[in-house]
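Spelled out, the chains give:
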Amino acid sequence: MEKTLILIKPDAVEKKLIGTIIKMYEENGLTIEDMYMCVPTEEILAKHYAEHIERDFYKGLVEFMMSGKIVAVLASGENAVSLVRKINGATNPKKADPCTIRYLYGSGVQMNAVHGSAVIEDAIREIEIWFGN
Ligand SMILES: Nc1ncnc2c1ncn2[C@@H]1O[C@H](COP(=O)(O)OP(=O)(O)OP(=O)(O)O)[C@@H](O)[C@H]1O
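As recorded by an unreviewed UniProt entry, the protein carries the name nucleoside-diphosphate kinase and is attributed to Helicovermis profundi. The UniProt entry for the protein carries the following comment under Sequence similarities (unreviewed entry): "Belongs to the NDK family." The record in UniProt for the protein states the following under Cofactor (unreviewed entry): "Mg(2+)".

Listed below in structure tokens is the structure:
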């Protein structure tokens, strides 16, 4: 069964949306295999967002991600990676399809409530970062 990594970001935790968001994944057929809360360190975020380190939004993104608790979620299911991306919606909540998490609960390009691995290779790498072996 395919696995993927979800992060419920600090904006969504602050808005008390953990249960609502987890329910949306479960109702769409995904299984929650493991999860925990933490305030992420700069080190783990540097690994997770390695592809964005040179971008001008990187510093602000890391500050936002460290601004409160997040929930790291290991989910599984058929086509879990693409299914989670579909449930999450486009990066920019204003461009996301209605009924997606980001459309419903995102408040901007940065504060967009959730992260989901983009492709299977990223999922493997990100699961290793957040959950180890
Ligand atoms: N222009 C931007 N300004 C501020 N933050 C941004 C911008 N672009 C992306 N981000 C932040 O960086 C994250 C990763 O960007 P990416 O382009 O990989 O988007 P994504 O694949 O839709 O999101 P994610 O990887 O979190 O699921 C986004 O979810 C968002 O929080």
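Chemist: Please explain the pattern of salt bridges as it appears in this structure.
Modeler: Two side chains that carry opposite charge are able to pair once their charged atoms sit near each other. Under the criterion given, the structure shown has 2 salt bridges. Between Lys23 and Glu27 there is a salt bridge, with the nearest N and O atoms lying 3.5 Å from each other. Separated by 4 residues within a single helix, Lys23 and Glu27 lie in helix α2 (residues 18-27), roughly one turn from each other. Using a relative accessible area of 58% as the deciding quantity, one classes Glu27 as exposed. Of the charged contacts, one joins Glu63 and Lys59 as a salt bridge, the two residues approaching to 3.2 Å between their closest N and O atoms.

Thresholds, definitions, all that
- Residues numbered from 1 in each chain as written.
- Predicted model: local features only at pLDDT ≥ 70, side-chain atom pairs only at ≥ 80, totals over all residues.
- Heavy atoms only, no water.
- UniProt positions renumbered as here; feature names shortened; annotations may be inferred.
- Salt bridge = Lys/Arg side-chain N within 4 Å of Asp/Glu carboxyl O.
- Helix = DSSP H or I, 4+ residues; strand = E, 2+ residues; numbered from the N terminus.
- Buried < 20%, exposed > 50% of the residue type's maximum accessible area, 1.4 Å probe, protein only.

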